[in-house]
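Notes for the structure review
Here is how the chains run, residue by residue.
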Amino acid sequence: MTKRVAGRIAAFSGVALAAALAATPAHAAAGDKIANSYICVFKNDRVARGDVAAKANAAARSHGGAVGHVYSHTIRGFSANMSEQGMNAMRRSNPSIAFCEQDQEMAIAVVAQGRPEGPTAKAETVPWGITRVGGGGSTASGKAWVLDTGIDLDHPDLNVNVALSASFTREKNADDGNGHGSHVAGTIGAKANNGIGVLGVAPGVQLVAVKVLTRSGSGTNSGVIAGVDYAGKNFAAGDVANMSLGGGFSQALNDAVIAAAAKGLKFALAAGNESTSATTKSPASANGPNIYTISSFAQGDTWSSFSNYGNPPVDFAEPGSSIYSTYKSGGYATLSGTSMASPHAAGLLLFGTPKSGGTVSGDPDGNPDTIGIK
């Protein structure tokens with residue numbers, strides 16, 4: 001199954017993250033434009049992959065700009081700090097540039113649910129979502145690239161590939177100071193260690209932290225694209241990327257996801273938590289092979305009221321309400337959101353295309369989404 005249409009972004013979790021959210025600047029709302037910051041994409045037939053950095057620096061500097069990120073393994077382009085006038089002059093004078101778009105804020109959209117717990121030695125729990133999708137029985141050989149707030153790198157319940165993990169935010173360490181990314185990671189692959197915590201869909205699978213959002217749950221679209229480009233460069237056959245994040249529409253982000261997926265990296269994308277059509281979201285609406293947009297349902301196969309909907313772009317529905325998983329600082333938490341649904345699909349994709357496990361009830365678009373199972 002694939003997706004179609006482009007739209008705005010969704011970033012999706014749920015938990016009592018009051019402290020983290022309080023640290024988010026009031027202006028840093030998802031979709032807010034960032035002044036004097038742009039993302040520009042070259043025409044592939046005009047700029048070779050190996051020439052992107054040099055061409056980007058020459059283009060930006062000639063019009064008073066400074067290059068930030070360089071993208072060459074998915075889209076070929078760059079981000080730059082420069083004035084709007086400088087950006088427009090650069091575009092007019094450079095026929096190799098296909099388009100530029102203004103950078104924007106990316107942030108977590110919270111659905112309040114549950115309370116974080118500290119490290120616990122209680123008996124291992126199999127969350128209801130893992131049981132519903134048929135996960136937890138075996139691990140997979142591929143890796144899961146978690147584009148998020150990072151992952152708790154030394155969480156005893158997670159198998160993190162620290163060497164491959166990287167940050168594309170102002171926080172240079174890929175460790176998770178928010179909790180959201182660790183929660184996503186646990187649903188994908190929390191270990192079967194017969195004693196503590198929880199169990200993931202693919203227990204013990206290698207997890208790679210690609211940090212594109214900070215401890216406040218915010219980031220930039222240019223940084224998210226850099227994370228996609230990094231995964232698109234370093235993934236291996238059988239790997240999956242999960243994106244439970246977002247902001248506003250970005251053609252550049254959609255194109256980067258499509259390009260990475262065309263190379264063979266599978267993507268699980270959260271549909272969003274705005275109770276609206278997912279056709280208005282990015283990257284949820286990115287179209288192409290190996291791309292799966294995921295809506296959310298609760299126990300009893302009933303629709304999660306917060307979930308975005310629409311076929312297209314939604315491919316599967318997965319458990320997303322009251323999901324128990326790993327958290328920052330060795331802890332655990334119960335969260336809700338399409339952020340929680342998407343990693344169920346990511347875990348399933350490590351084993352191949354999900355099978356049908358029935359359909360959800362109460363889908364607002366009148367076309368019930370298929371429940372993906374192993």
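Scope of this entry: the structure provided in the associated data block. (Residues numbered from 1 in each chain as written. Predicted model: local features only at pLDDT ≥ 70, side-chain atom pairs only at ≥ 80, totals over all residues. Heavy atoms only, no water.)

1. Section: the overall build of the protein chain
Helix and strand counts for the protein chain stand at eight helices and 19 strands. For 374 residues, the compact-globule formula gives about 21 Å, and the C-alpha radius of gyration of the protein chain, at 19 Å, lands near that figure. Counting only C-alpha atoms and orienting by the principal axes, one finds that the protein chain spans roughly 60 × 40 × 40 Å. Counting only residues that meet the buried cut, the protein chain has 60% of its 374 residues in that class. The protein chain carries 28 positive and 26 negative side-chain charges, and their two centres are separated by 6 Å. (Helix = DSSP H or I, 4+ residues; strand = E, 2+ residues; numbered from the N terminus. Rg over C-alpha atoms; globule rule 2.2 N^0.38 Å. Buried < 20%, exposed > 50% of the residue type's maximum accessible area, 1.4 Å probe, protein only. Lys, Arg positive; Asp, Glu negative; His and termini not counted. Charge placed at Lys NZ, Arg CZ, Asp CG, Glu CD.)

2. Focus: the nonpolar core
Ranked by size, the top nonpolar core spans 36 residues in total, and within it Ile 151, Ile 188, Val 205, Leu 207 and Leu 350 carry the most contacts. Among the secondary structure elements, those contributing two or more residues to this core are β7 (143-148), α5 (180-189), β9 (206-211), β13 (291-298), β15 (314-319), β17 (332-335), α8 (338-349) and β19 (370-373). For this core, the element with the highest residue contribution is α8, accounting for five residues. The residues contacting Leu 207, other than those within four sequence positions of it, are Ala 144, Ile 151, Leu 158, Asn 159, Val 160, Asn 161, Ala 185 and Ile 188. The next biggest cluster of nonpolar side chains, apart from the first, holds 35 residues, and it includes Phe 99, Leu 253, Ala 256 and Ala 260. (Core = buried A, V, L, I, M, F, W, Y, C linked by side-chain atoms within 4.5 Å. Contact = heavy atoms within 4.5 Å.)

3. Structural notes on the pattern of salt bridges
Taken as a whole and assessed by the stated rule, the structure comprises five salt bridges. With its nearest N and O atoms 2.8 Å apart, the salt bridge here joins Lys 211 to Glu 171. With Lys 211 in strand β9 and Glu 171 in the loop between β8 (166-167) and α5, the pair connects residues that are 40 residues apart, well separated along the chain. When sorted by exposure, Lys 211 lands in the same class as Glu 171, which is buried. Of the charged contacts in the structure, one is a salt bridge between Glu 274 and Lys 281, with a shortest N-O distance of 3.8 Å. Through salt bridges that share partners, Glu 171, Lys 211 and Arg 215 make up one connected network. (Salt bridge = Lys/Arg side-chain N within 4 Å of Asp/Glu carboxyl O.)

4. Some words on the side chain of Thr 338
Mapped onto the fold, Thr 338 is located in helix α8. At 3.0 Å, the side chain of Thr 338 and the backbone nitrogen of Gly 272 are in polar contact. (Polar contact = N/O pair within 3.5 Å; in protein donor to acceptor, adjacent residues only side chain to side chain.)

5. With respect to the packing of α5 against α8
Look at α5 against α8: their axes get within 8 Å of each other, and the N-to-C directions meet at 35°. Between α5 and α8 lies a crossing whose hand is right-handed. Touching His 180, His 183, Val 184, Thr 187 and Ile 188 of α5 are Ser 339, Met 340, Pro 343, His 344, Ala 346 and Gly 347, all from α8. Of the residues assigned to the contact of α5 with α8, the class counts are five nonpolar, six polar and no charged. (Axes fitted to C-alpha atoms, helices over the stretch in contact; angles between N-to-C directions. Left-handed = near helix turned anticlockwise from the far one by under 90°. Nonpolar A, V, L, I, M, F, W, Y, C, P; charged D, E, K, R; others polar.)

6. Considering the packing of aromatic side chains
A full pass over the atoms with the stated rule returns six aromatic pairs. Ring geometry for Phe 42 against Phe 78: centres 5.5 Å apart, planes inclined by 45°, an arrangement best described as tilted. Of the two residues, Phe 42 sits in strand β2 (residues 33-42) while Phe 78 sits in strand β4 (residues 77-81), which places them 36 residues apart along the sequence. By relative accessible area, which is 0% here, Phe 78 ends up buried. A centroid spacing of 6.0 Å and a plane angle of 70° characterise the contact between Trp 145 and Tyr 230, whose relative ring orientation is edge-to-face. In this pair, Trp 145 sits in strand β7 while Tyr 230 sits in helix α6 (residues 221-234), placing the two residues 85 residues apart along the sequence. Exposure remark for Trp 145: the relative accessible area of 0% places this residue in the buried category. Members of the aromatic cluster, joined through ring pairs, are Trp 145, Phe 168 and Tyr 230. When the ring centre of Phe 351 is taken as reference, the NZ or CZ atom of Lys 374 above it lies at 4.0 Å. (Phe/Tyr/Trp six-rings, centres within 6.5 Å; stacked < 30°, edge-to-face > 60°. Lys NZ or Arg CZ within 6 Å of the ring centre and 35° of its normal.)

7. Focus on the state of the cysteines
All chains considered together, the criterion is met by one disulfide. Across the disulfide, Cys 40 is cross-linked to Cys 100 (sulfur-sulfur distance 2.1 Å). On the sign convention where negative means left-handed, the S-S torsion of about 110° between Cys 40 and Cys 100 marks this disulfide as right-handed. Here Cys 40 is found in strand β2, whereas its partner Cys 100 is found in strand β5 (residues 97-107), with 60 residues between them in sequence. Cys 100 shares its class with Cys 40; the two are buried. (Disulfide = S-S within 2.5 Å.)

8. Some details on α8
Taking 1.5 Å of rise per residue, 12 residues should cover 16 Å, and α8 covers 16 Å from first to last C-alpha, within 8% of that figure. With 12 of 12 residues buried, α8 is to be regarded as a mostly interior element. Among all positions of α8, only Thr 338, Ser 339, Met 340, Ala 341, Ser 342, Pro 343, His 344, Ala 345, Ala 346, Gly 347, Leu 348 and Leu 349 are buried. (Expected span 1.5 Å × (residues − 1).)

9. Topic: the sheet that holds strand β3 (residues 66-71)
In space, the five strands of this open sheet follow the order β3-β4-β2-β5-β10, with antiparallel pairing throughout. The two strands at the open ends of the sheet, each matched to only one other strand, are β3 and β10 (218-220). Strand-to-strand twist in this sheet, taken as the mean axis angle between neighbours without regard to direction, amounts to 25°. Pairing of β2 with β5, which is carried by six bridges, proceeds in the antiparallel orientation. Within β5, the position partnered with Tyr 38 by the bridge is Gln 102. Its contacts with the sheet put helix α2 (residues 52-61) on β2, β3 and β4, and the angle it makes with β3 is roughly 155°. Strands β2, β3, β4, β5 and β10 of the sheet are contacted by α6, whose axis makes an angle of about 35° with β3. (Pairing = 2+ DSSP bridges.)

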